[in-house]
Amino acid sequence: GAIVDGKIRFSETFLRDVMPNHIKRATERTKSMCGCKTCTVFIDMFQNLLLWRTKFVKSLELKLSAMPDGRDKVDFETKFDEYKAHIAKDGSAWSAAQRIACDRLVVEEMDNDKFPHFSCVLNQCSKCPDWSDVIHEFERNSDLPFRFSIFSKHARCLVKEHSDRFIDFDETRKQHFCLKCKIERKDEWRKEKEKKKKADEKNASSKKRKTTEAEEEEENEDIDISTLPKLKYKEVRTKKTMPMKEFMEEKGLYEQWMHEMHYHITHVKMLGARVCARRVEEEVKSNRFYILFKRDHTERYTGRPNEETQSEGMGHVEDVSIEGAWLLYKPDGDTHYREVMYFHISDEKAQNGATVKANLWHSLQDLDERGEIPMDKLQAIFDIVDGSSVQYRCGQVLHSMTTIAEKTRSKYYRIVQCPGHGKCVVDGECGRAKTRCDLVFSQVPLKAEEESENRLRLDISKVEDGKKVSQAENVFKILIDWEFSKPAHKRKLQERRPHLRHPDDTLHRNTKMIAGPFESGWHMGMGGHYNFIGDWELKEEVAARRIPCSCQGCRNRLKKPIAERYKGPCKECIFWKIFKIDEDRGWNDYRILSFTPDKNSNKFDEEEYQDLLMHTMRGIAHMVARDVRVGGYGAYPGLPPEDPSKPRHKQDDGFVLYFVRWTCKPWQVVEDEVITVDGEEVQLRKGEWVCKGKWLYDVPRARHWYFHEPEGDEVVVRMGQVLSADIDMAPLDDSNPLPRMPESVRRQVTPKNPIKLSLDEYDWLMDEMDRRERFNVEEVIDSESDESDSEDDSDDDESGSGEAESDESEMESESEIEEEIESE
């Protein structure tokens, strides 16, 4: 019963009396939350094996009792005792699968917990037990039949009348096909051939044409099954029977599933709440500008208005896509962490990487607009998801991680959990949301002329004035009015934030990418990696890792410079002994993945890809604009001006950089307009971010030294081309003196308050320029704008080496230097 302070408040007898009759005690089967294919198949296989062993032991006992006394009986009895001791070690399916590997290693940092070496997990270990030591010879030599169930693909024809009744298998092509479709296709071909033949005879002379040998061969030629209607495959539970010795043979079916199960249970443990999720949450709480998402798509929701049992017959009920996203973060200026639940609701059928990206971007913008987590302060996004490849782990999805990381100038960590094991807060909240919707839809609907303040009643019309009513909008109205039953101080979840996503909000659907390279082999591809990092300093690449780890060593590694961050073995990790191959390699080292557009696929559109780059560039421009400080300094590449009196800074590697001092706050252009700056017209496009500034000038014979003139040239800079809007420039002082130069020149330069660009800052600008190369696409913001006006922007939009300029080293006298300063 319920015990409080050591006293029984409610006895178990009382609880049973008041318990509804449809509720029963939870059994072990009820509490089992695993629904993955690997566990389901292997556990069922193992339980059938236990039943078979029970019957097999009885048959051996009968055989032993029938044997005459003698040496043979003694030998058989000895082996029989060894067999019973051998199978007694298989207490459960999990323990049976672990017998195929070496002894597990102890990890002291994980409370002395034990983990298998990853070479054993990947079946790459040469020291693992032999198959003869795992399976007894009695089973390896038994001819008795063994029955078990397994999931296999079942094909059916897309032609409704054919279904799965005429499915056949082509041994040559190793492919299923519909025999009925093949026969019908052959009949159609013959009818067309006969029709054509009659037409030819009618138009030809009265002499009857003979059938050629080619036509006879064509008549006997078989139909190409690749041209037949496609089949639909579905995995179904299939019962199979085979001799035990065939089932237990080396490299056979049971050994394959034992390796799969051993691989699976290792990942379940390492990706579970105790090892992975707990440490990720600790890392998020170590920095107030880290945020943690847990997201998952719930099963598509279908509301049945007023519990209509014939709702399908009264009109098709549209289903709704709901993606739940639980968020843990510390609002800016607050001292406590908050838990918020986002519900992304849409009528769209698609649930893929493009929709997930749209949902995530809405959440980030919502946090930014509320001022809780300003996007320019965001440093890392942690995203814990399930194993759905289409939604969370494929080339297109990983590529979208790079764009989000670049737009927010942060790191994006994706942690993929082992599928099918356990439920989290997202599943619970999405289930409660659907229950809430069921409650509202079960009420008597509002009449067309009726008005009510009751939030549990809704107008459920499916068409209004000839237009279909959005079912997602109805679900949104239900959830937006959903109030908590507990006060804020008594609940963990502080707020629910429903979001209605319009189909037009999902962009760049057809930008399919291929991520690689991966090694070939068992669990060596993308499906064998559960940790991906989109780092804005990696350009258009992603770092991939097998197992996510947030130990202190791995955290420190990710704080290193980008050149060292993802290189070499991860010896700092507490699991190094588990993943170690040799001193220079480990199974959990980072792998850098690059992307190749899948232009051979119908899911790739070059125009959409260019539009994706343009949208990413706009996001970068917005983030850079936030760094602008009036009186601060920025840098951007551009073509050198034709007027030699204008400033131009030629660097060693041929690039031309402009440095500016900001004179105002940046703004976003509302409409296309032409403004005049220092007598020159500049075309501004709607939607772009721009800012005014004044150029800096070179200090002669002083590398990386600049000065500005209050009355100097003013320029309008497009923020999309700015490499950095907040450059640290060191002023002239005792610790930062000017380089050696004539005293008369020093006297002229010093009053101008020269400033110096550090070498590290310069190197960073060069790296950033290299990262921006792939965004050199022509941005067309308004198709009605005059494209010829873009010529006015060439000084700010493009980078180049420009005209050949005179080398400063050619100035041989002080007078030439003084004249240069005066001219500038």
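In the block above lies the structure referred to throughout.
Report on the accompanying structure.

So, how was this worked out
- Residues numbered from 1 in each chain as written.
- Predicted model: local features only at pLDDT ≥ 70, side-chain atom pairs only at ≥ 80, totals over all residues.
- Heavy atoms only, no water.
- Helix = DSSP H or I, 4+ residues; strand = E, 2+ residues; numbered from the N terminus.
- Buried < 20%, exposed > 50% of the residue type's maximum accessible area, 1.4 Å probe, protein only.
- Contact = heavy atoms within 4.5 Å.
- Areas by Shrake-Rupley, 256 points an atom, 1.4 Å probe, with all protein chains shown as cover.
- Polar contact = N/O pair within 3.5 Å; in protein donor to acceptor, adjacent residues only side chain to side chain.
- Axes fitted to C-alpha atoms, helices over the stretch in contact; angles between N-to-C directions.
- Parallel < 35°, antiparallel > 145°, perpendicular 65-115°, else oblique.
- Left-handed = near helix turned anticlockwise from the far one by under 90°.
- Nonpolar A, V, L, I, M, F, W, Y, C, P; charged D, E, K, R; others polar.
- Arc of directions from axis to C-beta.
- Core = buried A, V, L, I, M, F, W, Y, C linked by side-chain atoms within 4.5 Å.
- Pairing = 2+ DSSP bridges.
- Salt bridge = Lys/Arg side-chain N within 4 Å of Asp/Glu carboxyl O.
- Phe/Tyr/Trp six-rings, centres within 6.5 Å; stacked < 30°, edge-to-face > 60°.

1. Focus: the overall build of the protein chain
Within the protein chain, the secondary structure is distributed over 26 helices and 33 strands. Looking at the protein chain as a whole, 44% of its 824 residues qualify as buried. Counted over contacts in the protein chain with a minimum sequence separation of 6, partners at least 24 positions apart contribute 74%. Per element, the accessible surface of the protein chain, about 45,200 Å² overall, is 47% carbon and sulfur.

2. Considerations on the environment of Asp 332
Assignment of secondary structure puts Asp 332 in the loop between strand 10 (321–329) and strand 11 (338–346). Sequence spacing of Asp 332 and Arg 288 is 44 residues, and the spatial spacing of their C-alpha atoms is 8.0 Å. In contact with Asp 332, other than residues within four places in its own chain, are Arg 288, Phe 289, Gly 371, Glu 372, Pro 374 and Lys 377. For Asp 332, the side chain forms a polar contact with the side chain of Lys 377, separated by 3.1 Å.

3. Examining the environment of Leu 364
Here Leu 364 is to be found in helix 14 (residues 353–369). Residue Leu 364 is classed as buried on the basis of its relative accessible area, which comes to 2%. Placed 11 residues apart in sequence, Leu 364 and Met 375 show a C-alpha to C-alpha distance of 7.2 Å. Other than its neighbours up to four places away in sequence, Leu 364 contacts Ile 291, Phe 293, Met 375, Leu 378, Ile 381, Ile 404 and Thr 408.

4. A short note on the packing of helix 3 (residues 37–66) against helix 12 (residues 253–270)
A packed helix pair is summarised by two numbers, namely the angle formed by the two axes and the spacing between the axes. The geometry of helix 3 relative to helix 12 is characterised by a closest axis approach of 10 Å and an angle of 130° between their N-to-C directions. Relative to helix 12, the element helix 3 lies oblique. Classified by chirality, the crossing of helix 12 by helix 3 is left-handed. Residue-level contacts link Lys 37, Thr 38, Cys 39, Val 41, Phe 42, Ile 43, Met 45, Phe 46 and Leu 49 of helix 3 to Tyr 254, Trp 257, Met 258, Glu 260, Met 261 and His 264 of helix 12. Of the residues contributing to the contact of helix 3 with helix 12, the split by class is 11 nonpolar, two polar and two charged.

5. Structural notes on helix 13 (residues 273–284)
Inspection of helix 13 places Val 275, Cys 276, Ala 277, Arg 279, Val 280, Glu 283 and Val 284 among the buried residues, and these make up the whole buried set. In a view along the axis of helix 13, the buried residues occupy a sector of 160°, so they form one face of it.

6. Observations regarding unusual backbone geometry
Looking along the chain, the bond that leaves Gly 516 and enters Pro 517 is cis, with omega of 5°. Here Pro 517 lies in the loop between strand 17 (513–516) and strand 18 (531–535). Of note in this structure, Lys 251 is not a glycine but carries a positive phi near 65°. If you trace the backbone, Lys 251 turns up in the loop between helix 11 (244–247) and helix 12.

7. Focus on the nonpolar core
Of all hydrophobic cores here, the largest spans 62 residues; its most connected members are Ile 291, Leu 364, Leu 398, Phe 532 and Phe 575. Looking at this core, the element that brings in the most residues is helix 14, giving five residues. Beyond its immediate sequence surroundings of up to four residues, Leu 398 is in contact with Ala 515, Met 526, Phe 532, Val 542, Leu 593 and Phe 595. Counting 39 residues, the second-largest nonpolar core is a separate cluster that includes Phe 441, Ile 478, Trp 482 and Leu 558.

8. Considerations on the sheet that holds strand 19 (residues 541–545)
Reading across the sheet, the 10 strands line up as 16-11-10-9-12-13-18-19-22-17 and stay open at both edges, with mixed pairing between neighbours. The sheet terminates laterally at strand 16 (493–500) and strand 17, the two strands that pair on one side only. When strand polarity is set aside, the average angle formed by the axes of neighbouring strands in this sheet is 25°. Judged from the four bridges that link them, strand 17 and strand 22 (residues 591–597) form a sheet pairing that is antiparallel. Within strand 22, the position partnered with Ala 515 by the bridge is Phe 595. Across the sheet, helix 14 lies against strand 9 (290–297), strand 10, strand 11, strand 12 (380–385), strand 13 (411–416) and strand 16, angled at about 145° from strand 9, the strand it touches most.

9. Brief notes about the pattern of salt bridges
Under the counting rule described, the total for this entry stands at 46 salt bridges. One salt bridge connects Asp 582 with Arg 585, and the closest N-O pair in it is separated by 3.2 Å. Note on Arg 585: relative accessible area 45%, which makes it partly exposed. The shortest N-O distance in the salt bridge between Asp 726 and Arg 629 comes to 2.9 Å. In this pair, Asp 726 is assigned in the loop between strand 31 (714–718) and strand 32 (729–731) and Arg 629 in the loop between helix 22 (606–626) and strand 23 (633–637), connecting sequence segments 97 residues apart. The class of Arg 629 is partly exposed, set by a relative accessible area of 41%. When salt bridges with common partners are traced through the structure, they connect Arg 338, Asp 366, Arg 370, Glu 372, Glu 495 and Arg 497 into a single cluster.

10. Structural notes on the packing of helix 17 (residues 425–441) against helix 18 (residues 471–480)
Viewed as axis vectors pointing N to C, helix 17 and helix 18 meet at an angle of 100°, and their least axial separation amounts to 10 Å. In terms of orientation, helix 17 and helix 18 fall into the roughly perpendicular class. Together, Ala 433, Arg 436, Cys 437, Val 440 and Phe 441 of helix 17 and Gln 471, Asn 474, Val 475, Ile 478 and Leu 479 of helix 18 make up the contact between the two elements. Per-class residue counts for the contact of helix 17 with helix 18 are seven nonpolar, two polar and one charged.

11. Comments concerning the pairing of strand 23
Burial of strand 23 is extensive: five of the five residues sit out of reach of the surface. Side chains Tyr 633, Ala 635 and Pro 637 of strand 23 all project onto a buried face; the interleaved residues Gly 634 and Tyr 636 project onto the opposite face, where all are buried too. As paired elements, strand 23 and strand 25 (residues 656–662) share five bridges and run antiparallel to each other. By the bridge assignment for strand 25, Ala 635 is matched with Phe 659.

12. Here's the deal with the packing of aromatic side chains
Within the structure shown, the criterion is met by 24 aromatic pairs. Judged by centre distance (5.4 Å) and plane angle (85°), the ring pair of Phe 115 and Phe 575 falls under edge-to-face. Placement of the pair is Phe 115 in strand 4 (residues 113–115) and Phe 575 in the loop between helix 20 (562–565) and helix 21 (576–579), with a sequence separation of 460 residues. Pairing Tyr 290 with Phe 382 gives two aromatic rings, centres 5.7 Å apart and planes at 55°, and the pair type is tilted. In this pair, Tyr 290 is assigned in strand 9 and Phe 382 in strand 12, connecting sequence segments 92 residues apart. The buried category is assigned to Phe 382, whose relative accessible area is 2%. The structure contains a cluster of three or more aromatic residues connected by ring pairs, namely Phe 42, Trp 131, Phe 146, Phe 148, Phe 247 and Tyr 254.

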